There are 2 protein chains.
Amino acid sequence: MNPLSLSNQLCFPFYAISKEISKRYRPLLAPLNLTYPQYLVMLVLWEQDFIPLKTIGERLQLDSGTLTPLINKLIELGYVKKTRNPDDERQLVITLTEKGGTIKEDAMEIPAKINEVLGLDEEEFIRYRQLLDELACRLNLSAGDDC
Amino acid sequence: MNPLSLSNQLCFPFYAISKEISKRYRPLLAPLNLTYPQYLVMLVLWEQDFIPLKTIGERLQLDSGTLTPLINKLIELGYVKKTRNPDDERQLVITLTEKGGTIKEDAMEIPAKINEVLGLDEEEFIRYRQLLDELACRLNLSAGDDC
DNA sequence: TATATTTAAGTTGTGTGCAATTTAATTTTA
DNA sequence: TAAAATTAAATTGCACACAACTTAAATATA
């Protein structure tokens, strides 16, 4: 057994599947003019508006080098705006615009469509998510850390 | 239950775990001066040398826009070289240099180290791989297609 | 066999992803 | 309280990832 064989490593299927998933999101996100990472930022904001850039970065594991241009793009699209925390001028606080709030309605359709596109039923979805959550815990990627 | 919540989607854990895995590869690959995608190309070549660029792209699901500069970097590192198929001058055939063959010995250490870094024992490794293989099949990402 | 079509790489442009550095604001501490 | 350390964004530079397009070679077909 060759340990270097692609088929004998975890890394490659993870890499390939992850790329494939974001590829299948692309046509669903196109009507909203969002890329997959931009959509993730919007998900964070729809869950909690008026949030520091720092916190978005912690949730998504992204640094300012990635987020700064991404947020600028979302501003250009008219979905968010930047404010500063008056108590700490270093902090950039991101808020949804009205338009950014409105497209949430369209985005609500996406999770169901994605499961369809991925060909997963409810049971499979839950099974995969459990395994991923478990692995995320093991890699210390969980927010809650109750694992 | 909010369907748009990060924690209720498959996409995000996949995205986060995939990034985390390649992050954990980075220090292991640094001594070889390889990035993670470059390492994947080397894995393909160590499995089968003298292979068309096209075929590498099919294995890794990457197009020439990604592979051309990546291969140029591997040439710069002295690990591979380009030749043309004399029977079809369109085809670029990639071959390992002596140096590219030699570093395979160092790379042999990596799979074991990665499982250690990810904190997975043999049993868990197999369990995760089965699930990923299953999902890859379902997404039509498998070469064999026997699923 | 000349023309059209297809195919393989390469090129260009946009958008991440991340390391390393810079800038400005805040906090620590000497 | 002035200087040092820390913190949050922004900037710079490099390397993917991929869509769209170009170029050159091979194949198909009229």
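One can find the structure itself at the top, above this paragraph.
Residues numbered from 1 in each chain as written. Chains lettered and ligands numbered in written order. Predicted model: local features only at pLDDT ≥ 70, side-chain atom pairs only at ≥ 80, totals over all residues. Heavy atoms only, no water.

### Describing the pattern of salt bridges
Going through the model one piece at a time under the given rule, you end up with 14 salt bridges over all chains. In this structure, the salt-bridge partner of A:Arg138 is B:Glu124, at a minimum N-O distance of 2.5 Å. Here the residue A:Arg138 occupies a position in helix H8 (residues 122-138), and B:Glu124 occupies one in helix H8 (residues 122-138), the pair thus bridging two chains. The salt bridge involving B:Lys54 is made with B:Glu58; its shortest N-O contact spans 3.3 Å. One end of the pair is B:Lys54 and the other is B:Glu58, both in helix H3 (residues 53-60) and four residues apart, which spans about a single turn. A relative accessible area of 47% means that B:Glu58 is categorised as partly exposed. (Salt bridge = Lys/Arg side-chain N within 4 Å of Asp/Glu carboxyl O. Helix = DSSP H or I, 4+ residues; strand = E, 2+ residues; numbered from the N terminus. Buried < 20%, exposed > 50% of the residue type's maximum accessible area, 1.4 Å probe, protein only.)

### What about the sheet that holds strand E3 (residues 88-96) of chain A?
Residue and element names in this part refer to chain A. Ordered by their spatial adjacency, three strands build an open sheet running E1-E3-E2, and the pairing between neighbours is antiparallel. Among the strands making up the open sheet, the edge pair consists of strand E1 (51-52) and strand E2 (80-85). Pairing of E1 with E3, which is carried by two bridges, proceeds in the antiparallel orientation. Following the sheet pairing, isoleucine 51 is matched in E3 by isoleucine 94. Together, E2 and E3 form the strand contacts of helix H4 (residues 64-76), whose direction differs from that of E2 by roughly 120 degrees. (Pairing = 2+ DSSP bridges. Contact = heavy atoms within 4.5 Å. Axes fitted to C-alpha atoms, helices over the stretch in contact; angles between N-to-C directions.)

### What about the protein's contact with DNA strand C?
Surveying the vicinity of DNA strand C reveals 26 residues, the closest of which are A:Thr35, A:Gln38, A:Glu89, B:Tyr15 and B:Ser64. Per the 4 Å cut-off to the protein, sugar and phosphate atoms form 73% of the nearby atoms of DNA strand C. Interatomic distance of 2.7 Å between a side-chain N/O atom of A:Thr35 and a phosphate oxygen of DNA strand C. Elements with a contribution of two residues or more to the surface near DNA strand C: helix H2 (36-47), H4 and E3 of chain A together with helix H1 (11-29), H3, helix H4 (64-76), strand E2 (80-85) and strand E3 (88-96) of chain B. It is H4(A) that contributes the most residues to the surface near DNA strand C, four residues altogether. Its residues assigned to classes, the surface near DNA strand C shows six nonpolar, nine polar and eleven charged. (Near = heavy atom within 4 Å. Polar contact = N/O pair within 3.5 Å; in protein donor to acceptor, adjacent residues only side chain to side chain. Nonpolar A, V, L, I, M, F, W, Y, C, P; charged D, E, K, R; others polar.)

### A word on the relation of the copies chain B and chain A
Put simply, the second copy of the chain is the first one after a rotation about an axis and a shift along it. It takes a turn of 180 degrees to lay chain B on chain A, together with a shift of 0.0 Å along the axis; the resulting RMSD is 0.0 Å. Within this description, the copies of the chain are treated as partners about a two-fold rotation axis. Closest approach to the rotation axis within chain B is made by the C-alpha atom of B:Ser18, at a distance of 3.3 Å. A share of 100% of the interface residues of chain B reappears at the interface of chain A, consistent with the copies meeting face to face through the same patch. (Least-squares fit on C-alpha atoms with pLDDT ≥ 70 in both.)

### Thoughts on the protein's contact with DNA strand D
Near DNA strand D lie 26 residues; those nearest to it are A:Tyr15, A:Ser64, B:Thr35, B:Gln38 and B:Glu89. Protein-adjacent atoms of DNA strand D, using a 4 Å cutoff, are sugar or phosphate at a proportion of 75%. Within the side chain of A:Ser64, a nitrogen or oxygen atom sits 2.7 Å from a base nitrogen of DNA strand D. Split by residue class, the surface near DNA strand D holds six nonpolar, nine polar and eleven charged.

### A closer look at the packing of aromatic side chains
Tallied over the entire structure, the rule returns nine aromatic pairs over all chains. Ring geometry for B:Phe12 and B:Tyr15: centres 6.2 Å apart, planes at 35 degrees, overall tilted. Taken together, the positions of B:Phe12 and B:Tyr15, both in helix H1 and three residues apart, correspond to about one turn of that helix. Among the residues examined, B:Tyr15 registers a relative accessible area of 12% and is labelled buried. The structure contains a cluster of three or more aromatic residues connected by ring pairs, namely A:Phe12, A:Tyr15, B:Tyr25, B:Tyr36 and B:Tyr39. When the ring centre of A:Tyr128 is taken as reference, the NZ or CZ atom of A:Arg127 above it lies at 5.7 Å. (Phe/Tyr/Trp six-rings, centres within 6.5 Å; stacked < 30°, edge-to-face > 60°. Lys NZ or Arg CZ within 6 Å of the ring centre and 35° of its normal.)

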